[in-house]
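Chain by chain, the residues run as shown.
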Amino acid sequence: TQSTRPQRLLSAVQKNATRGDPRSVVKAIDHFCRHKEWAMNVGDEKGCILDSVVTEVNPHTVLELGTYCGYSTVRIASLLPPHAKLITLEFNPDYAAVARQVIAWAGLEEKVQLVEGASSDWIPKLKEQFGIQTFDLVFLDHWKDRYLPDTKLIEEFGLLRKGSVLLADNVICPGTPDYLEYVRSSPQYKSQYFKSHLEYTKVEDGLEKSVFLG
Ligand SMILES: Nc1ncnc2c1ncn2CCOCCNC(=O)c1cc(-c2ccc(F)cc2)cc(O)c1O
Ligand SMILES: [Mg+2]
(Lines give C-alpha, C1' and ligand atoms only; values in the text may rest on other atoms or scores of the structure.)
(Ligands and ions follow the chains in the order given, each with its own letter.)
Protein backbone atom coordinates (compact mmCIF):
# COMPACT_ATOMS: atom_id res chain seq x y z
CA THR A 1 0.00 0.00 0.00
CA GLN A 2 1.05 3.62 -0.59
CA SER A 3 2.94 5.35 2.21
CA THR A 4 1.51 8.54 3.68
CA ARG A 5 3.34 11.89 3.83
CA PRO A 6 3.87 11.56 7.61
CA GLN A 7 5.37 8.11 7.05
CA ARG A 8 7.73 9.51 4.38
CA LEU A 9 8.67 12.33 6.77
CA LEU A 10 9.45 9.74 9.49
CA SER A 11 11.62 7.76 7.03
CA ALA A 12 13.58 10.94 6.27
CA VAL A 13 14.19 11.41 10.02
CA GLN A 14 15.30 7.79 10.49
CA LYS A 15 17.59 8.06 7.44
CA ASN A 16 19.12 11.53 8.04
CA ALA A 17 18.92 12.34 11.75
CA THR A 18 21.06 11.05 14.62
CA ARG A 19 19.21 9.11 17.34
CA GLY A 20 19.03 11.16 20.55
CA ASP A 21 19.87 14.43 18.78
CA PRO A 22 16.74 16.64 18.67
CA ARG A 23 18.39 19.36 16.57
CA SER A 24 19.28 16.83 13.85
CA VAL A 25 15.64 15.61 13.87
CA VAL A 26 14.38 19.18 13.41
CA LYS A 27 16.94 19.78 10.63
CA ALA A 28 15.99 16.54 8.83
CA ILE A 29 12.27 17.43 8.87
CA ASP A 30 12.90 20.99 7.64
CA HIS A 31 15.10 19.66 4.80
CA PHE A 32 12.44 17.10 3.82
CA CYS A 33 9.67 19.75 3.83
CA ARG A 34 11.70 22.34 1.94
CA HIS A 35 13.17 20.04 -0.71
CA LYS A 36 10.85 17.02 -0.93
CA GLU A 37 7.27 17.52 0.33
CA TRP A 38 5.65 20.47 2.10
CA ALA A 39 4.09 19.53 5.44
CA MET A 40 2.26 21.59 8.07
CA ASN A 41 5.00 21.72 10.72
CA VAL A 42 5.52 25.11 12.37
CA GLY A 43 8.80 25.14 10.41
CA ASP A 44 12.24 26.71 10.92
CA GLU A 45 11.33 30.44 10.73
CA LYS A 46 8.36 30.36 13.11
CA GLY A 47 10.21 27.63 15.02
CA CYS A 48 12.90 30.13 16.02
CA ILE A 49 10.20 32.41 17.46
CA LEU A 50 8.70 29.38 19.27
CA ASP A 51 12.16 28.55 20.69
CA SER A 52 12.64 32.10 21.99
CA VAL A 53 9.24 32.12 23.73
CA VAL A 54 9.87 28.67 25.29
CA THR A 55 13.29 29.80 26.51
CA GLU A 56 11.83 33.02 27.96
CA VAL A 57 8.95 31.21 29.74
CA ASN A 58 11.16 28.28 30.87
CA PRO A 59 7.98 26.25 31.49
CA HIS A 60 7.58 23.26 33.83
CA THR A 61 4.23 22.33 32.34
CA VAL A 62 3.38 22.67 28.63
CA LEU A 63 0.22 21.79 26.72
CA GLU A 64 0.45 21.41 22.92
CA LEU A 65 -2.78 21.17 20.91
CA GLY A 66 -2.11 19.42 17.62
CA THR A 67 1.00 17.21 17.53
CA TYR A 68 0.97 16.26 13.82
CA CYS A 69 4.40 14.61 13.26
CA GLY A 70 5.93 15.92 16.48
CA TYR A 71 8.16 18.63 14.96
CA SER A 72 7.16 21.40 17.42
CA THR A 73 6.94 18.80 20.20
CA VAL A 74 10.63 18.02 19.66
CA ARG A 75 11.57 21.73 19.43
CA ILE A 76 9.78 22.52 22.70
CA ALA A 77 10.77 19.39 24.65
CA SER A 78 14.47 19.85 23.76
CA LEU A 79 14.40 23.23 25.54
CA LEU A 80 12.60 22.15 28.74
CA PRO A 81 14.30 22.08 32.15
CA PRO A 82 14.74 18.67 33.86
CA HIS A 83 11.49 17.12 35.23
CA ALA A 84 9.39 19.46 33.06
CA LYS A 85 6.43 17.81 31.30
CA LEU A 86 4.90 18.41 27.87
CA ILE A 87 1.40 17.02 27.19
CA THR A 88 0.55 16.99 23.48
CA LEU A 89 -2.91 16.17 22.11
CA GLU A 90 -3.34 14.64 18.64
CA PHE A 91 -6.71 13.71 17.14
CA ASN A 92 -5.49 11.68 14.17
CA PRO A 93 -4.14 8.22 15.14
CA ASP A 94 -1.91 7.96 12.05
CA TYR A 95 -0.26 11.32 12.86
CA ALA A 96 0.09 10.22 16.52
CA ALA A 97 1.78 6.94 15.51
CA VAL A 98 4.37 8.84 13.44
CA ALA A 99 4.85 11.52 16.12
CA ARG A 100 5.61 8.89 18.79
CA GLN A 101 8.44 7.54 16.61
CA VAL A 102 9.80 11.02 15.79
CA ILE A 103 9.80 11.93 19.51
CA ALA A 104 11.49 8.60 20.34
CA TRP A 105 14.15 9.15 17.64
CA ALA A 106 14.94 12.50 19.27
CA GLY A 107 15.26 10.70 22.63
CA LEU A 108 12.61 12.86 24.29
CA GLU A 109 10.02 10.24 25.34
CA GLU A 110 10.63 10.96 29.05
CA LYS A 111 9.54 14.59 28.70
CA VAL A 112 6.54 14.05 26.44
CA GLN A 113 3.08 12.57 27.07
CA LEU A 114 1.30 12.16 23.72
CA VAL A 115 -2.47 11.77 24.20
CA GLU A 116 -4.72 10.68 21.34
CA GLY A 117 -8.10 12.33 21.11
CA ALA A 118 -9.98 15.57 20.61
CA SER A 119 -8.84 18.62 22.57
CA SER A 120 -12.43 19.37 23.61
CA ASP A 121 -12.77 15.90 25.14
CA TRP A 122 -9.39 15.95 26.92
CA ILE A 123 -9.04 19.51 28.27
CA PRO A 124 -11.72 18.89 30.96
CA LYS A 125 -9.84 15.76 32.12
CA LEU A 126 -6.21 16.93 32.20
CA LYS A 127 -6.10 17.86 35.90
CA GLU A 128 -7.40 14.53 37.17
CA GLN A 129 -5.66 12.38 34.53
CA PHE A 130 -2.19 13.94 34.73
CA GLY A 131 -2.08 15.68 38.11
CA ILE A 132 -1.66 19.05 36.46
CA GLN A 133 -2.51 22.26 38.36
CA THR A 134 -1.90 24.85 35.64
CA PHE A 135 0.08 25.14 32.39
CA ASP A 136 2.93 27.63 32.12
CA LEU A 137 2.75 27.49 28.32
CA VAL A 138 0.06 26.40 25.82
CA PHE A 139 1.00 26.01 22.12
CA LEU A 140 -2.11 26.07 19.88
CA ASP A 141 -1.58 24.40 16.51
CA HIS A 142 -4.68 22.26 15.91
CA TRP A 143 -7.97 22.97 14.08
CA LYS A 144 -8.05 26.73 13.63
CA ASP A 145 -11.73 26.98 14.54
CA ARG A 146 -11.00 25.21 17.84
CA TYR A 147 -8.49 27.79 19.15
CA LEU A 148 -11.15 30.05 20.69
CA PRO A 149 -13.53 27.43 22.15
CA ASP A 150 -10.60 25.46 23.58
CA THR A 151 -9.06 28.60 25.12
CA LYS A 152 -12.38 29.22 26.85
CA LEU A 153 -12.39 25.58 28.03
CA ILE A 154 -8.83 25.97 29.34
CA GLU A 155 -9.92 29.09 31.28
CA GLU A 156 -13.11 27.42 32.53
CA PHE A 157 -11.20 24.40 33.92
CA GLY A 158 -8.71 26.62 35.77
CA LEU A 159 -5.71 25.47 33.75
CA LEU A 160 -4.11 28.94 33.55
CA ARG A 161 -2.36 31.00 36.23
CA LYS A 162 -1.33 34.67 36.27
CA GLY A 163 1.52 34.80 33.73
CA SER A 164 0.61 31.65 31.76
CA VAL A 165 1.47 32.13 28.09
CA LEU A 166 -0.66 31.08 25.10
CA LEU A 167 1.28 30.87 21.81
CA ALA A 168 -0.85 30.34 18.71
CA ASP A 169 0.39 29.25 15.27
CA ASN A 170 -1.29 30.22 11.97
CA VAL A 171 -3.13 33.30 13.19
CA ILE A 172 -2.90 34.72 9.61
CA CYS A 173 -2.72 31.59 7.41
CA PRO A 174 -4.99 29.61 7.55
CA GLY A 175 -6.10 32.23 10.09
CA THR A 176 -7.93 32.28 13.41
CA PRO A 177 -9.88 35.57 13.30
CA ASP A 178 -12.25 34.93 16.21
CA TYR A 179 -9.36 33.81 18.47
CA LEU A 180 -7.25 36.87 17.54
CA GLU A 181 -10.17 39.24 18.21
CA TYR A 182 -10.72 37.59 21.61
CA VAL A 183 -7.15 37.63 22.97
CA ARG A 184 -6.49 41.13 21.58
CA SER A 185 -9.65 42.68 23.07
CA SER A 186 -9.93 40.76 26.37
CA PRO A 187 -8.68 42.61 29.48
CA GLN A 188 -7.51 39.19 30.73
CA TYR A 189 -4.72 38.97 28.12
CA LYS A 190 -1.71 41.00 27.02
CA SER A 191 -1.17 40.01 23.36
CA GLN A 192 1.73 40.44 20.93
CA TYR A 193 1.98 39.45 17.25
CA PHE A 194 5.20 37.95 15.85
CA LYS A 195 5.12 38.43 12.07
CA SER A 196 6.64 35.59 10.06
CA HIS A 197 5.78 33.34 7.13
CA LEU A 198 3.78 30.18 6.53
CA GLU A 199 6.22 27.28 6.99
CA TYR A 200 8.58 26.79 4.00
CA THR A 201 6.83 29.54 1.95
CA LYS A 202 6.83 33.33 1.38
CA VAL A 203 3.16 33.63 2.39
CA GLU A 204 2.60 35.82 5.45
CA ASP A 205 1.74 34.07 8.71
CA GLY A 206 2.65 34.67 12.34
CA LEU A 207 2.44 33.62 15.96
CA GLU A 208 0.32 35.41 18.58
CA LYS A 209 1.71 35.38 22.11
CA SER A 210 -0.89 36.11 24.80
CA VAL A 211 -0.04 36.39 28.50
CA PHE A 212 -2.92 35.52 30.86
CA LEU A 213 -3.27 38.30 33.44
CA GLY A 214 -5.56 36.29 35.76
N1 LIG B 1 -6.24 17.15 19.69
C2 LIG B 1 -6.90 17.70 18.64
N3 LIG B 1 -8.14 18.19 18.82
C4 LIG B 1 -8.79 18.74 17.77
N5 LIG B 1 -8.29 18.80 16.53
C6 LIG B 1 -7.08 18.29 16.30
C7 LIG B 1 -6.33 17.76 17.33
N8 LIG B 1 -5.15 17.35 16.83
C9 LIG B 1 -5.18 17.61 15.52
N10 LIG B 1 -6.34 18.14 15.18
C11 LIG B 1 -6.79 18.37 13.84
C12 LIG B 1 -6.03 19.41 13.08
O13 LIG B 1 -4.64 19.15 13.04
C14 LIG B 1 -3.90 19.89 12.10
C15 LIG B 1 -4.09 21.38 12.37
N16 LIG B 1 -3.13 22.23 11.63
C17 LIG B 1 -3.46 22.76 10.45
O18 LIG B 1 -4.55 22.52 9.94
C19 LIG B 1 -2.47 23.61 9.72
C20 LIG B 1 -2.69 23.91 8.39
C21 LIG B 1 -1.78 24.69 7.66
C22 LIG B 1 -2.02 25.01 6.23
C23 LIG B 1 -2.56 24.05 5.37
C24 LIG B 1 -2.78 24.34 4.04
C25 LIG B 1 -2.45 25.60 3.53
F26 LIG B 1 -2.65 25.89 2.24
C27 LIG B 1 -1.91 26.58 4.37
C28 LIG B 1 -1.71 26.27 5.72
C29 LIG B 1 -0.62 25.18 8.29
C30 LIG B 1 -0.40 24.88 9.63
O31 LIG B 1 0.71 25.34 10.28
C32 LIG B 1 -1.32 24.12 10.36
O33 LIG B 1 -1.06 23.91 11.68
MG1 LIG C 1 0.48 25.20 12.37
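Preceding this section is the structure that the text describes.
Residues numbered from 1 in each chain as written. Chains lettered and ligands numbered in written order. Predicted model: local features only at pLDDT ≥ 70, side-chain atom pairs only at ≥ 80, totals over all residues. Heavy atoms only, no water.

A.B. asks: Mind showing me how you'd approach helix α1 (residues 5–16) here?
C.D. replies: Along an α-helix, residues three or four positions apart point the same way, because every turn accommodates 3.6 residues. In this model, α1 (twelve residues) spans 16 Å end to end at C-alpha, consistent with the 16 Å of a helix rising 1.5 Å per residue. Three or more residues of α1 are buried, namely P6, L9, L10, A12 and V13. Along the axis of α1, the buried positions cluster into a sector of 155 degrees, meaning they face one direction only. Those residues of α1 that are buried are in contact with α2 (22–35) and α5 (93–105). (Helix = DSSP H or I, 4+ residues; strand = E, 2+ residues; numbered from the N terminus. Expected span 1.5 Å × (residues − 1). Buried < 20%, exposed > 50% of the residue type's maximum accessible area, 1.4 Å probe, protein only. Arc of directions from axis to C-beta. Contact = heavy atoms within 4.5 Å.)

A.B. asks: Teacher, can you tell me more about the pattern of salt bridges here?
C.D. replies: A side chain with one charge may pair with a side chain of the opposite charge, provided their charged atoms come close. This model, assessed by the stated rule, comprises 14 salt bridges. Among the ionic pairs, E37 bridges to R5, the shortest N-O distance being 3.1 Å. Here E37, found in the loop between α2 and α3 (43–57), pairs with R5, found in helix α1; they are 32 residues apart in sequence, far enough to count as distant. Taking the relative accessible area as the measure of exposure, E37 reaches 17% and is therefore buried. Residues D44 and R34 are paired through a salt bridge, measuring 3.1 Å at the closest nitrogen-oxygen approach. Placement of the pair is D44 in helix α3 and R34 in helix α2, with a sequence separation of ten residues. With a relative accessible area of 25%, D44 lands in the partly exposed category. A residue is classified by how much of its surface remains accessible, and R34, at 45% relative accessible area, is partly exposed. Connected through shared salt-bridge partners, K46, D169, E199 and D205 make up one network. (Salt bridge = Lys/Arg side-chain N within 4 Å of Asp/Glu carboxyl O.)

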